[in-house]
Amino acid sequence: MKPAPFTYHAPADLDQTLALLAEHGPEAKVLAGGQSLVPVLNMRLANPAHLIDINHVPGLDTVVANDDAVHVGALVRHAHLLSHSAARTAQPLLRQALQWVAHPVIRNRGTTLGSIVHADPSGEMPAVLALTDGRVRLRSAGGEREVPAAEFFVGPMESAIADDELAVEAIFGRFPAGTRTGFTETARRHGDYALAGVALAVSVQDGPGGGTVGQAQASFVSVTDVPDVLDLTPVVGGAAVADLAGLADAVAEAVATHVDPVGDIHASADYRRHLAVVQTQRLLSTLVGATAEEEIA
Amino acid sequence: MSSTPDAQQPEPKSVRGTIVTTVPRASFDPAGGAAQPEELLDVYLRVNGAEQHIRVPGRRLLSDALRHDLGLTGTHVGCEHGVCGACTVLLDGQPARACLMFAATAQGHQITTVEGLSTPDGELGPVQQAFVECHGLQCGFCTPGFLTTITAYLDENPDPTPEEAREAIGGNLCRCTGYQNIVKAVCRAAELRRGEQAPPDGTQTPAAPTERQEQR
Ligand SMILES: Cc1cc2nc3c(=O)[nH]c(=O)nc-3n(C[C@H](O)[C@H](O)[C@H](O)COP(=O)(O)OP(=O)(O)OC[C@H]3O[C@@H](n4cnc5c(N)ncnc54)[C@H](O)[C@@H]3O)c2cc1C
Ligand code: FES
Ligand code: FES
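Residues numbered from 1 in each chain as written. Chains lettered and ligands numbered in written order. Predicted model: local features only at pLDDT ≥ 70, side-chain atom pairs only at ≥ 80, totals over all residues. Heavy atoms only, no water.

Chain B has the name (2Fe-2S)-binding protein in an unreviewed UniProt entry, where Ornithinimicrobium pratense is given as its organism. What UniProt records for chain B under Pathway (unreviewed entry) is the sentence "Alkaloid degradation; nicotine degradation." (UniProt positions renumbered as here; feature names shortened; annotations may be inferred.)

Named according to an unreviewed UniProt entry, chain A is Xanthine dehydrogenase family protein subunit M originating from Ornithinimicrobium pratense.

So this is what it looks like as structure tokens:
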């Protein structure tokens, strides 16, 4: 199908964008990569009176990695971030998760921040923002605010952004040196939305017999309403790496209790829960077993 | 969700926050309302090297602008929600879904459609030639999207393994071929680009367009 009529705006700079949002906010939609919004418009699931296309606004396409965070502008495409070497060194989870976001063609247009604002619980990048204790910088004609991930995601496809606000930056936190990270998911076809997926960050202290596990945190894709973080430190923290296999049941229980999947034609809720459990157990043992060369962050 | 008809604008907030993408904004008016002429925009596109000017509504999809406004019907439209890949064109050399872009957004970019993949004197490009040799298509509906996607991919990876070729076409759907011959065509196109002319074992000999019609 085709989108219903709307008034198309192509602001030339940030001030114009914010003025348009101030004027039309409740009746307007921001268009970034369009890889989620345009299908919705084509299917007429949304029918905004105004479309504010930010693709010609300069200054929104920068990636900056500094000591404590990676700043990703509103027009940074998934593909650009995936190939950004400073960003992936600073926060390896970005690359590890972005490889699972859609197909390369979609990643060429879709933006990482758009995917966060869209707040689809099946999206990989909201889970990464949550796990890295990241935040979103929002601007309106009236000013600016930063919202932490824990407050930004309020429900499936619901975020804390106001009608007159533009998300200008996603800010992904970094982990302390020595933290190992990983991402895995299961989809019916690589590139499709995950049936279930997990992002994991775990620290390991050196010591005899492979050392001991320090902190461990996980966030999930497609099995929680919002990407909230499961702290596995009480379950595995302090355990000797060599003893980790003995904690598999406890990890399973923590994950199974935390996730709250819904069933659909692709997979039942039970199957999704099972996948989340197995993915977490495997990723955890892979990461703590990683050699120094594989250690990241 | 409430299904009670409501004369008011639907409320865009849930109890928890802003529903980001899927809320219909205007309530349906059964009386129809007064018909409004749609505002038209001047859009300048650079397609296959040529400058084009069209006057279209802001909601004109790039796929429709190419097909209906510019007559370049090589770009096919299957699903219109980004899944099938039939509409894939190159935007500054990178594959993009034409059904998920507005023509107005494409201003200032170089667009290459399947029509732009042949050489200036009308010879088939290497990927097109490989599809002929390997019988990489049946009905051909999906083919333009495969050709553009593969053309860009081979710029990035000029010598793919069959496994990599399979990965490269993973975002395009074909309802006819079972993909085996398309994977062969990716590898064959890589050879053609390197100047290796002999067709690989197990593929069809090059067939002239007229002979192809006999295959049934
Ligand atoms: C076939 C297909 C498969 C896909 N598979 C996956 C997948 O596996 N995983 C995944 O995570 N995603 C997937 N996607 C979605 C893709 O990642 C999108 O690019 C992403 O979800 C949205 O980013 P966008 O830039 O395209 O945003 P848009 O579609 O332009 O916008 C999405 C929403 O966010 C709002 N918005 C966007 N940017 C801003 C901003 N800066 N400020 C305020 N509001 C804003 C828009 O108004 C809209 O409501 C898929 C898409 C397709 C078509
Ligand atoms: S028509 Fe564009 S992807 Fe199917
Ligand atoms: S050849 Fe028929 S859809 Fe691919």
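Describing the overall build of chain B
Helices and strands together make up the secondary structure of chain B, namely six helices and six strands. Each helix (α) and strand (β) of chain B, taken in turn from the N terminus, gives the series β-β-β-α-β-β-β-α-α-α-α-α. For chain B, with 216 residues in total, the buried portion stands at 44%. The contacts in chain B between residues at least 6 apart in sequence include a share of 52% that link residues at least 24 apart. Only carbon and sulfur atoms are counted for the fraction: they give 51% of the accessible area of chain B, which is about 11500 Å². (Helix = DSSP H or I, 4+ residues; strand = E, 2+ residues; numbered from the N terminus. Buried < 20%, exposed > 50% of the residue type's maximum accessible area, 1.4 Å probe, protein only. Contact = heavy atoms within 4.5 Å. Areas by Shrake-Rupley, 256 points an atom, 1.4 Å probe, with all protein chains shown as cover.)

Let's talk about the overall build of chain A
The helix and strand tally for chain A stands at twelve helices and 14 strands. Seen through its principal axes, chain A has C-alpha atoms that stretch 65 × 45 × 30 Å. Of all 297 residues assigned to chain A, the portion counted as buried reaches 57%. If you sum the accessible surface of chain A, you get close to 11600 Å²; carbon and sulfur atoms cover 51% of it. Each charge class in chain A can be summarised by its mean position, and for the 19 positive and 34 negative side chains these summaries are 8 Å apart. (Lys, Arg positive; Asp, Glu negative; His and termini not counted. Charge placed at Lys NZ, Arg CZ, Asp CG, Glu CD.)

Some points on the site of ligand 1
Close contacts around ligand 1 come from 34 residues, with Val30, Gly34, Leu37, Thr111 and Glu124 of chain A the closest. Chains contributing residues to the immediate surroundings of ligand 1 are chains A and B. Within the contact set of ligand 1, an oxygen atom lies 2.8 Å away from a backbone nitrogen or oxygen of glycine 33 of chain A. For ligand 1, a nitrogen atom lies 2.7 Å from a polar atom in the side chain of glutamate 124 of chain A. Contact with the protein chains covers 96% of the free accessible surface of ligand 1, which is 960 Å². Those elements giving two or more residues to the shell around ligand 1 turn out to be β2 (28–31), α7 (112–118) and β10 (166–173) of chain A. Among the elements that take part in the shell around ligand 1, α7 of chain A stands out by supplying four residues, more than any other. A per-class count over the shell around ligand 1 returns 16 nonpolar, 15 polar and three charged. (Near = heavy atom within 4 Å. Polar contact = N/O pair within 3.5 Å; in protein donor to acceptor, adjacent residues only side chain to side chain. Nonpolar A, V, L, I, M, F, W, Y, C, P; charged D, E, K, R; others polar.)

Concerning the sheet that holds β10 of chain A
Residue and element names in this part refer to chain A. One open sheet accounts for five strands, arranged β4-β5-β10-β6-β7; its pairing is antiparallel. The sheet is open, and its two edges are formed by β4 (63–65) and β7 (143–148), each paired on a single side. Adjacent strand axes in the sheet meet at a mean angle of 20° when their direction is disregarded. In the sheet, strand β5 (residues 69–73) pairs with β10 via five bridges, with the strands oriented antiparallel. What sits directly across from valine 72, in β10, is alanine 170. In the packing of helix α8 (residues 124–131) onto the sheet, the strands contacted are β6 (135–140) and β10, and the crossing angle to β10 comes to about 60°. (Pairing = 2+ DSSP bridges. Axes fitted to C-alpha atoms, helices over the stretch in contact; angles between N-to-C directions.)

Considerations on helix α12 (residues 269–288) of chain A
All names here are of chain A. Between the first and last C-alpha of α12 there are 29 Å, a value that for 20 residues agrees with the 28 Å anticipated at 1.5 Å per step. Those residues of α12 that sit buried are Arg272, Leu275, Ala276, Val277, Val278, Gln279, Thr280, Leu283, Leu284, Leu287 and Val288. Along its buried surface, α12 packs onto β11 (179–186), β12 (196–205), β13 (212–221), α10 (233–236) and α11 (248–258). (Expected span 1.5 Å × (residues − 1).)

Remarks on the packing of aromatic side chains
Under the defined criterion, the tally for this structure stands at three aromatic pairs over all chains. A centroid spacing of 5.4 Å and a plane angle of 80° characterise the contact between phenylalanine 6 of chain A and phenylalanine 102 of chain B, whose relative ring orientation is edge-to-face. With phenylalanine 6 of chain A in the segment before β1 (7–9) and phenylalanine 102 of chain B in the loop between β5 (94–97) and β6 (110–112), the pair connects residues from two separate chains. Each member of the pair, phenylalanine 6 of chain A as well as phenylalanine 102 of chain B, carries the same accessibility label: buried. With a centroid separation of 6.5 Å and 55° between ring planes, the pair formed by phenylalanine 146 of chain B and tyrosine 179 of chain B is classed as tilted. With phenylalanine 146 of chain B in helix α3 (residues 143–156) and tyrosine 179 of chain B in the loop between α4 (162–168) and α5 (180–193), this residue pair connects regions lying 33 residues apart in the sequence. (Phe/Tyr/Trp six-rings, centres within 6.5 Å; stacked < 30°, edge-to-face > 60°.)

Remarks on the environment of valine 147 of chain A
All names here are of chain A. When you line up the elements, valine 147 lands in strand β7. Valine 147 gets classed as buried once you look at its relative accessible area, which sits at 5%. For the pair valine 147 and arginine 135, spaced twelve residues apart in sequence, the C-alpha to C-alpha distance is 5.4 Å.

Brief notes about the interface of chain B and chain A
Taken residue by residue, the interface counts 41 residues in chain B and 49 residues in chain A. Of the roughly 3700 Å² buried between chain B and chain A on both sides combined, carbon and sulfur atoms contribute 54%. Connecting chain B to chain A are two salt bridges. The partner of aspartate 64 of chain B in a salt bridge is lysine 2 of chain A, with the nearest N and O atoms 2.8 Å apart. Where chain B meets chain A, there are nine residue pairs in polar contact (both at pLDDT 80 or more). (Buried area = accessible area lost by both parts, 1.4 Å probe. Salt bridge = Lys/Arg side-chain N within 4 Å of Asp/Glu carboxyl O.)

Some details on the packing of α11 of chain A against α12 of chain A
All names here are of chain A. Contact geometry for α11 and α12: axes closest at 9 Å, N-to-C directions at 135°. Here α11 is positioned oblique relative to α12, judged by the angle of their axes. Between α11 and α12 lies a crossing whose hand is right-handed. Residues Ala248, Val251, Ala252, Val255 and Ala256 of α11 lie in contact with α12, whose contacting residues are Arg273, Ala276, Val277, Thr280, Gln281 and Leu284. Looking at side-chain class alone, the contact of α11 with α12 contains eight nonpolar, two polar and one charged residues. (Parallel < 35°, antiparallel > 145°, perpendicular 65-115°, else oblique. Left-handed = near helix turned anticlockwise from the far one by under 90°.)

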